[in-house]
Amino acid sequence: MPIRRALARLHWAVSPWTLLREQPRPDGTLHEGPRLLIGAPHTSNRDFVLMLAISWDAGLAVRWLGKRELFQGPFGRVMHWLGGIPVDRDDPAGLAERVVELARTDPRAAIVVTPDGTRSSSQWRSGFYRIAYEADVPVTLGFVDSVTGTTGLGPTVWLTGDVPADMDRIRAFYAGKRGIIPERTTEPRLADEAGLAERLAAEGRP
């Protein structure tokens, strides 16, 4: 939407952060289909503003998951307009299936996930990997780095089912990057990467 892009451009004109836009593929094009968009390292609520400004500048139809309480009261409509998807944390059944279905049916969706979760965890959650792999959509590596004062979109990668190898690529990209609150930064590592690869192989891609 033009108004969102205009707001994003105004934000970056005055922001102390330097925006690094998504780089074209070797053929000169950008990915245009649905994708998961990782937001990491996620260490502060200020990441939300950066995520919106990055996505709106890029013209992405951003969607993000938020606790259902955010969608109640007078600001509920605003949260929906911002691309929010309400989540009941007390009843998470079916959430992954909903996100997979959204990724499969919305040709423009950029679904934001924060695998490091609560900003105080010691490892990444594997839900993003399962969702991207099962929906057969790529993952764009969004980032914030307080060391260099930069934020934006890194490469877009397709997951292969070889979880350790895929996570090594992701770790290599985020290596050295620190969040807004550096001490809360979490290494991109899943609890059981080899085990997840075995389970995905046994289940097969839908």
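Everything below is about the structure printed above this text.
Notes on the structure in this doc start here. (Residues numbered from 1 in each chain as written. Predicted model: local features only at pLDDT ≥ 70, side-chain atom pairs only at ≥ 80, totals over all residues. Heavy atoms only, no water.)

This part takes up the packing of helix α1 (residues 2-14) against helix α2 (residues 47-58). One way to put it is that α1 packs onto α2 with a least axis distance of 8 Å and a crossing angle of 120°. With respect to their mutual orientation, α1 and α2 come out oblique. In the crossing of α1 with α2, the sense of the turn from one axis to the other is left-handed. Touching R4, R5, L7, A8, R9, H11 and W12 of α1 are V49, L50, A53, I54, W56, D57 and A58, all from α2. Along the lines of polarity and charge, the residues of the contact of α1 with α2 split into nine nonpolar, one polar and four charged. (Axes fitted to C-alpha atoms, helices over the stretch in contact; angles between N-to-C directions. Helix = DSSP H or I, 4+ residues; strand = E, 2+ residues; numbered from the N terminus. Parallel < 35°, antiparallel > 145°, perpendicular 65-115°, else oblique. Left-handed = near helix turned anticlockwise from the far one by under 90°. Contact = heavy atoms within 4.5 Å. Nonpolar A, V, L, I, M, F, W, Y, C, P; charged D, E, K, R; others polar.)

With that out of the way, let us pick up the sheet that holds strand β5 (residues 109-113). Spatially, β1-β7-β6-β2-β5-β3-β4 is the arrangement adopted by the seven strands of the open sheet, whose pairing is mixed. At either margin of the open sheet sits one strand with a lone partner, and together these are β1 (18-20) and β4 (84-87). When the angles between neighbouring strand axes are averaged without regard to direction, this sheet yields 25°. Sheet topology places β1 next to strand β7 (residues 150-157); three bridges connect them, and they run parallel. (Pairing = 2+ DSSP bridges.)

With seven of seven residues buried, strand β6 (residues 139-145) lies mostly within the body of the structure. Note that strand β2 (residues 35-40) and β6 share five bridges and pair parallel. Residue G39 lies in a different strand from β6, and its bridge partner there is G142. For β6 and β7, the ladder comprises six bridges, and the chain directions are antiparallel. Residue pairing across strands places D145 opposite T150, the latter belonging to β7. The hairpin turn running from β6 into β7, its antiparallel successor, is four residues long, and G149 in that turn takes a positive phi close to 70°. (Buried < 20%, exposed > 50% of the residue type's maximum accessible area, 1.4 Å probe, protein only.)

Attention now goes to a nonpolar patch on the surface. Among the surface-exposed residues, M1, I3, L7 and W81 lie close enough to one another that they form a single nonpolar patch of about 410 Å² accessible area. Tracing the chain through its elements places L7 in helix α1. Overall, L7 belongs to the partly exposed group, its relative accessible area being 41%. (Patch = residues over 30% accessible without salt bridge, like charges linked within 9 Å, V, L, I, M, F, W, Y side chains within 5 Å. Areas by Shrake-Rupley, 256 points an atom, 1.4 Å probe, with all protein chains shown as cover. Salt bridge = Lys/Arg side-chain N within 4 Å of Asp/Glu carboxyl O.)

For any pair of aromatic rings, the description rests on two quantities: the centre-to-centre distance and the angle between the ring planes. For the coordinates displayed, the defined rule picks out nine aromatic pairs. Look at W56 and W81: their rings are 5.7 Å apart centre to centre, the planes differ by 70°, and that puts the pair in the edge-to-face class. Here W81 lies in helix α3 (residues 76-81) and W56 lies in helix α2, a separation of 25 residues in the sequence. Given a relative accessible area of 9%, W56 falls into the buried group. Between F128 and Y129, the ring centres sit 6.2 Å apart and the planes meet at 75°, which makes this aromatic pair edge-to-face. When sorted by exposure, F128 lands in the same class as Y129, which is buried. Three or more aromatic residues joined by ring pairs make a cluster, and in this case those are W124, F128, Y129, Y133, F143, F173 and Y174. Sitting above the plane of the W81 ring, R4 keeps its charged end 4.4 Å from the centroid. We note K177 situated over the ring of F173; from NZ or CZ to the ring centre the distance is 4.1 Å. (Phe/Tyr/Trp six-rings, centres within 6.5 Å; stacked < 30°, edge-to-face > 60°. Lys NZ or Arg CZ within 6 Å of the ring centre and 35° of its normal.)

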